[in-house]
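Descriptive analysis of the structure
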Amino acid sequence: MAELCDLTAADLASKLRAGETSSTEVTESCLARVEAVDERVRAFLARTTELARERAAAADARIAAGDAPSTAGIPIALKDVLSTKDITTTCGSKILESYVPPFDCTPWARLAAAGSVLLGKTNCDEFAMGSSNENSAFGPVHNPWGLDTVPGGSSGGSAAAVAAGEAVWALGTDTGGSVRQPASLCGVVGLKPTYGLISRYGLIAFASSLDTVGTFTRSVRDAAILLSAIAGSDPMDATSLDRTVDDYAEGLDEGVSGLRVGVVKEAFGEGVQPGVRSSIQSALNRLSDMGASIEEASLPHADYALSAYYLIAPSEASSNLARYDGVRYGLRVPGRDSIEMMARTRGAGFGPEVKRRIMLGTYALSAGYYEAYYGQAQKVRTLIIRDYEKAFESFDVLVSPTSPTTAFRIGERADDPLAMYLSDVFTIPANLAGVPAVSIPSGLDEAGLPVGLQVTAPVLGEALVLRVAHALERELAFDAVPPLVAGLAA
Amino acid sequence: MGEDFETVIGLECHVELSTRTKMFCGCRNEFGAPPNTNVCPVCLGLPGSLPVPNERAIEYIVRIGLALDCEILRYSLFHRKNYFYPDMPKNFQISQYDLPICVKGHLDVQVDGQTHRVGITRVHMEEDTGKTTHAGASGRIAQAEYALIDYNRAGVPLVEVVSEPDIRSPEVARAYFNELRSTLEALDVSDVRMEEGSLRCDANISVRPAGSPEYGTKVEIKNLNSVRSLERALKYEQERQVAALRTGEKLVQETRHFDEGTGTTHTLRSKEEAFDYRYFPEPDLPPLEPDTEWVEKIRGALPELPAARRARFERELGLAPRQTTLVGASKATADFLEEAIDLGAPAAAVANWMTQDLSGLLNKARIELPESKVTPQHIADLIRLVEESTISVTAAKQVLEEAFETGKPIEEIVETRGLRQVTDTSALEAWVVEAIAENPEPVEQFRAGKDGAINFLVGQVMKKSRGAANVRTVQELLRAKLSGS
Ligand SMILES: [Zn+2]
């Protein structure tokens with residue numbers, strides 16, 4: 001029988017309301033799971049156990065008083081790039097190892113006000129740069145589906161925690177696929193909403209024009225509930241969309257009959273594993289059975305998306321990360337003068353992938369190269385936005401694999417950045433265009449590792465991607481449990 | 001400077017806006033608060049913080065742009081200017097680059113009765129940095145033991161006004177700067193205090209053979225902390241460059257530092273050492289798209305600008321252009337004039353007092369009008385008492401000096417010093433008789449036809465009255481006595 005920590009948030013919420021369990025029980029269940037598996041998974045960088053117990057007790061009081069929103073009392077984990085007041089926030093980097101923010105990021109502030117229970121901060125690639133979580137300064141995360149494989153990245157800790165029952169749900173960030181790709185590799189639901197739908201205030205920036213807060217859940221319904229709780233305009237973020245929040249759980253059951261589903265042909269080329277290909281194909285057949293029309297769609301400029309992304313994201317990162325100089329907070333390595341101090345601090349504080357991207361970005365923005373690199377990349381970005389607009393004239397949603405492969409072995413791609421970058425080739429276009437996309441598990445490959453299917457909709461089409469994903473989720477009835485968790489029951 | 005060279009100058013002026021809050025956060029924007037008290041995650045550039053533009057600051061810059069006859073762009077972008085500096089919290093400054101809010105304006109300035117039109121290339125919005133104090137034994141940057149940073153100034157809204165290279169002499173540069181300052185003052189958008197750094201200026205200068213269509217090698221001068229420094233630095237640099245060209249020395253494009261102590265400039269960094277700022281559009285801020293109606297509303301609410309005010313002074317008050325230039329040089333002086341007039345004083349008399357005695361006292365004390373204790377009420381009272389012959393012009397000058405020192409009311413000074421003029425002939429008669437009796441020689445000379453000799457006698461009477469006698473009455477009495485008996 002499943003433990004409380006393995007249930008969905010929606011189920012837990014109704015049990016809490018019915019008085020069948022308490023937030024304290026659910027929280028203790030999660031804490032016990034963390035205790036049981038995290039030495040092997042390494043999902044958490046910091047645990048806030050005592051705070052979690054306090055907040056659970058407070059949530060129980062609120063639920064008893066009958067004034068609790070649906071997210072109250074549900075334990076959550078936050079990726080360690082999301083600022084939490086008085087709780088160390090490292091971004092997986094040596095340079096911020098000692099940094100304690102004086103304020104909360106808006107998504108957590110909203111959840112905290114609604115009675116959420118924070119379990120801790122999760123491991124990630126340093127400053128969210130990576131696709132395997134191996135770029136964390138504090139060691140890799142291990143995928144619960146195969147402890148010698150990566151959980152994906154950069155939000156690997158959040159994905160693994162949800163997959164292993166260490167948290168009921170979690171928040172991550174998605175700049176080029178950092179929620180969807182690890183969700184895919186860990187067999188959970190990962191939602192990246194429209195750019196600007198969730199405030200970025202307190203999200204420690206990697207690439208500002210692409211960064212999006214996203215959710216990790218064990219069901220599509222949970223994604224809808226969590227999104228409803230944190231979305232909506234924020235006066236602290238000038239790029240947040242001026243929009244009141246919808247209840248995204250509302251139209252989930254409307255089905256897919258009559259919907260036009262486009263299958264992105266560029267996402268089935270070489271490099272896609274056969275197991276991934278067949279899993280997606282059978283999911284498409286089920287969609288067709290349910291009454292959706294399935295046709296081939298094209299994003300003709302998608303081939304250039306990766307190159308454009310690796311110019312735009314590092315350019316913005318080179319500027320965003322300039323502030324880590326040892327002057328006021330975080331690591332400081334002394335020098336003879338302030339310039340030497342800054343250089344030494346940055347030399348010692350940043351890992352190799354972060355340095356690589358800072359150098360790439362600095363070069364792309366420098367005088368004489370700007371037009372050829374950054375300028376050109378922005379033009380490609382515009383073309384990709386047009387590709388989506390054009391595709392959505394003929395289709396309601398687009399479907400593709402989330403990532404070309406299932407989880408790969410730790411260390412396998414560590415010395416080959418280009419191979420690593422290809423992990424995000426199907427997720428990056430949605431970031432460049434700012435459109436919403438969700439990854440849901442479509443099955444397991446021959447090695448027993450989860451495959452992720454990505455559904456993409458036009459800007460602010462969250463309700464639509466969730467509706468399609470929900471229909472497919474019910475139809476596929478993916479109920480496999482990671483061997484690590486199955487092993488606990490035995 | 002020789003006839004055969006022409007100087008080309010352009011100015012870049014930075015104006016701190018006097019908005020209540022900072023550019024991108026809600027912190028107070030005030031000068032002189034205890035260090036690091038007006039700070040928050042946003043202006044400290046803490047990880048995860050985001051800028052939100054201050055709408056009032058945008059309104060202020062549009063006001064400036066409109067006053068300088070600029071075009072207000074319908075689509076404008078913030079850019080990041082990237083460079084490392086310890087007092088810059090994010091190590092980039094939010095500024096503007098190829099799409100500033102205001103472009104293509106101009107400002108007309110008067111020098112020696114001639115109008116010079118100076119083009120305005122652009123007026124753009126940015127944020128100020130923190131302020132570093134280098135501490136340690138010597139007080140010099142290179143040997144400082146540590147540095148202290150005050151972030152109160154970080155994120156204060158800053159407007160940069162860039163002129164075209166239309167200025168042809170240090171005098172015109174000074175006039176342009178003064179006109180810009182009084183325009184900003186009239187717009188009520190900045191404190192424009194150079195000593196507090198709310199108005200700062202860098203100058204670009206080159207010289208070229210007269211008639212040459214091409215510009216010479218440009219030098220940028222920094223550290224210009226007063227109008228006087230601006231003019232001195234430009235004069236020095238103009239001469240240095242002409243001398244170099246005369247001797248065939250090659251000038252290099254560079255940034256030079258003005259040394260106020262020596263009045264000279266020296267190399268700060270060469271063109272090769274110039275920063276590559278790696279400008280790119282600020283992804284945290286949406287484009288600025290001011291709607292036409294809003295801009296027109298601001299245009300409609302613009303106050304009377306200095307040039308218009310001076311023209312009105314000439315037209316309505318009958319002041320001479322030379323006087324309006326002086327009196328209309330700043331908002332403070334022009335307001336002073338009008339307040340004194342409102343108190344009943346004739347414009348010409350107020351202008352005279354302001355441009356002569358009062359201006360002399362201010363120069364001597366090295367202060368500006370608003371810092372002095374003299375008010376429009378003082379000047380109006382002074383003028384009234386002179387007109388009513390209650391005090392003499394000589395006495396009035398002494399009274400003004402005391403008012404300048406103490407700020408006491410004019411009537412009080414006149415009374416305590418006993419400066420009220422004596423016009424009563426019976427009181428004066430005794431002194432006149434005495435003076436004639438005591439000075440037989442000048443009396444004789446006068447009677448012999450030497451009219452000027454009477455002045456000595458007038459002086460003697462004035463002395464006896466301790467300056468309180470009315471000069472004209474004394475003269476009349478003396479003449480009557482000397483010719484009568
Ligand atoms: Zn602030």
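Residues numbered from 1 in each chain as written. Chains lettered and ligands numbered in written order. Predicted model: local features only at pLDDT ≥ 70, side-chain atom pairs only at ≥ 80, totals over all residues.

1. Comments concerning the overall build of chain B
Tallying secondary structure elements over chain B gives 15 helices and 14 strands in all. Its C-alpha atoms give chain B a radius of gyration of 29 Å, clearly above 23 Å, the size a compact globule of 485 residues would have. In terms of overall dimensions, chain B has C-alpha extents of about 100 × 55 × 55 Å along its principal axes. Evaluated residue by residue, chain B yields a buried proportion of 39% over its 485 residues. (Helix = DSSP H or I, 4+ residues; strand = E, 2+ residues; numbered from the N terminus. Rg over C-alpha atoms; globule rule 2.2 N^0.38 Å. Buried ≥ 20, exposed ≤ 12 C-beta atoms within 10 Å, placed from the backbone.)

2. Some details on the overall build of chain A
Regarding its fold elements, chain A presents 16 helices and eleven strands. Relative to the 2.2 N^0.38 estimate, which gives 23 Å for 490 residues, the radius of gyration of chain A is 21 Å and therefore close to what a compact globule would have. The principal-axis extent of the C-alpha atoms belonging to chain A is close to 65 × 50 × 45 Å. Burial analysis of chain A (490 residues in total) assigns 62% to the buried set. Residue pairs at least 24 apart in sequence account for 76% of intrachain contacts in chain A once pairs closer than 6 positions are excluded. (Contact = placed C-beta atoms within 7 Å.)

3. Focus: the pairing of strand β13 (residues 264–270) of chain B
Residues and elements named next belong to chain B. Note: strand β12 (residues 254–259) against β13, six bridges, orientation antiparallel. Across the sheet, residue arginine 256 finds its bridge partner in β13, namely threonine 267. Two successive antiparallel strands, β12 and β13, enclose a turn made up of four residues, where glycine 263 displays a positive phi of approximately 70 degrees. (Pairing = 2+ DSSP bridges.)

4. Remarks on the sheet that holds strand β4 (residues 92–95) of chain B
The strand order β4-β3-β14 (chain B) describes an open sheet built from three strands, whose pairing is antiparallel. Across the chains shown, the open sheet's two edge strands, defined by having one partner strand only, are β4 and β14 (280–281) of chain B.

5. Regarding unusual backbone geometry
That bond from glycine 153 of chain A to serine 154 of chain A is cis: its omega, 10 degrees, falls within 30 degrees of zero. Inspection of the secondary structure assignment puts serine 154 of chain A in the loop between β3 (117–122) and α5 (156–163). With phi around 65 degrees, aspartate 86 of chain A is a residue other than glycine that occupies positive phi space. Tracing the sequence through the fold places aspartate 86 of chain A in the loop between β2 (75–79) and α4 (106–113). Look at serine 389 of chain B: it is not a glycine, yet its phi comes out positive at around 60 degrees. Its place among the elements puts serine 389 of chain B in the loop between α9 (376–387) and α10 (393–406). With 12 C-beta atoms packed within 10 Å, serine 389 of chain B lands in the exposed category.

6. Things to note about the sheet that holds β2 of chain A
Residue and element names in this part refer to chain A. Within the open sheet, the eleven strands sit side by side as β1-β3-β2-β4-β6-β5-β10-β11-β9-β7-β8. Their pairing is mixed. Two strands bound the open sheet, and with one partner strand each, they are β1 (44–47) and β8 (293–297). Ignoring strand direction, the axes of neighbouring strands in this sheet form an average angle of 30 degrees. Here strand β9 (residues 397–401) pairs with strand β11 (residues 450–456) via four bridges, running antiparallel. (Axes fitted to C-alpha atoms, helices over the stretch in contact; angles between N-to-C directions.)

7. Examining the domain arrangement of chain B
Under the domain assignment, chain B is made up of domain 1 (5–298), domain 2 (305–417) and domain 3 (425–484). When each unit is reduced to the centre of its C-alpha atoms, the spacing between domain 2 of chain B and domain 3 of chain B is 33 Å. (Domains from an automatic or database assignment.)

8. As for the pairing of strand β11 (residues 219–224) of chain B
Residue and element names in this part refer to chain B. Pairing of strand β10 (residues 199–209) with β11, which is carried by four bridges, proceeds in the antiparallel orientation. Bridge assignment links cysteine 201 to a residue of β11, and that residue is leucine 224. Relative to β12, β11 runs parallel, the two being bridged by four bridges. Following the sheet pairing, lysine 222 is matched in β12 by histidine 257. Regarding the hand of the β-α-β motif, the stretch spanning β11, helix α3 (residues 227–246) and β12 is left-handed. (Right-handed = clockwise from strand over helix to strand, strands pointing away.)

9. With respect to helix α13 (residues 440–447) of chain B
The α-helix winds at 3.6 residues per turn, so residues separated by three or four positions along the chain end up facing the same way. Residues and elements named next belong to chain B. For α13, every residue scored as buried is listed here: Pro442, Val443 and Phe446. The buried residues of α13 occupy one face: seen down the axis, they fall within an arc of 105 degrees. Turned more than 90 degrees from where α13 packs its buried face, Pro440, Glu441 and Glu444 sit exposed. Remark: glycine 449 follows α13 within two positions and exhibits a positive phi of approximately 110 degrees. (Arc of directions from axis to C-beta.)

10. Regarding the packing of α10 of chain B against helix α11 (residues 410–417) of chain B
All names here are of chain B. In contact at an axis separation of 10 Å, α10 and α11 are set at 115 degrees when each is read in the N-to-C sense. The two elements α10 and α11 meet at a crossing, and its hand is right-handed. Along the contact surface, α10 presents Val399, Glu402 and Ala403, while α11 presents Ile410, Ile413 and Val414. Of the residues in the contact of α10 with α11, the class split is five nonpolar, no polar and one charged. (Left-handed = near helix turned anticlockwise from the far one by under 90°. Nonpolar A, V, L, I, M, F, W, Y, C, P; charged D, E, K, R; others polar.)

11. Things to note about the packing of helix α7 (residues 331–342) of chain B against helix α8 (residues 347–365) of chain B
Residue and element names in this part refer to chain B. α8 packs onto α7 with a crossing angle of 140 degrees between their chain directions and a minimal axis gap of 9 Å. Overall, the two elements α7 and α8 adopt an arrangement that is oblique. Here the hand of the crossing between α7 and α8 comes out right-handed. Counted together, Thr333, Phe336, Leu337, Ala340 and Ile341 of α7 and Ala347, Val350, Ala351 and Met354 of α8 form the full contact between these two elements. Of the residues contributing to the contact of α7 with α8, the split by class is eight nonpolar, one polar and no charged. (Parallel < 35°, antiparallel > 145°, perpendicular 65-115°, else oblique.)

12. Examining helix α2 (residues 23–41) of chain A
Residues and elements named next belong to chain A. Along α2, the largest kink reaches about 40 degrees and is centred on glutamate 35. Looking at α2, one finds that the buried residues are Ser23, Val26, Thr27, Ser29, Cys30, Leu31, Arg33, Val34, Val37, Asp38 and Val41. A positive phi of about 60 degrees marks arginine 42, the residue just after α2. (Bend = angle between axes of the 7 residues up to and from the residue.)

13. What to know about the confidence of the model for chain B
Summary statistics for chain B give a mean pLDDT of 92 and a share of 97% for residues scoring 70 or more. ipTM for the predicted complex: 0.96, alongside a pTM of 0.90. (pLDDT = per-residue confidence, 0-100.)

14. Comments concerning the environment of glycine 452 of chain A
All names here are of chain A. Tracing the backbone shows glycine 452 in strand β11. We classify glycine 452 as buried; it has 32 C-beta atoms within 10 Å. Measuring from C-alpha to C-alpha, the distance between glycine 452 and proline 151 comes to 13 Å, with 301 residues separating the pair along the chain.

15. Considering the nonpolar core
Ranked by internal contacts, the top residues of the largest apolar core, which has 224 residues, are Ile76 and Val397 of chain A together with Ile61, Tyr176 and Ala203 of chain B. Those residues in contact with isoleucine 76 of chain A that sit more than four places away from it in its chain are Leu111, Ser116, Val117, Leu118, Leu119, Ala167, Val168, Trp169, Ala170 and Leu171 of chain A. With 30 residues, the next largest nonpolar core counts Ala345, Met354, Ile410 and Val414 of chain B among its residues. (Core = buried A, V, L, I, M, F, W, Y, C linked by C-beta atoms within 7 Å.)

16. Some words on the environment of leucine 418 of chain A
Here leucine 418 of chain A lies in helix α13 (residues 417–421). Considered as a pair, leucine 418 of chain A and arginine 346 of chain A are 72 residues apart in the sequence and their alpha carbons are 24 Å apart.

17. Details of the environment of methionine 354 of chain B
Checked against the element boundaries, methionine 354 of chain B lands in helix α8. Look past the residues within four positions of methionine 354 of chain B in its chain and what remains in contact with it is Val327, Thr333, Phe336, Leu337 and Ser359 of chain B.

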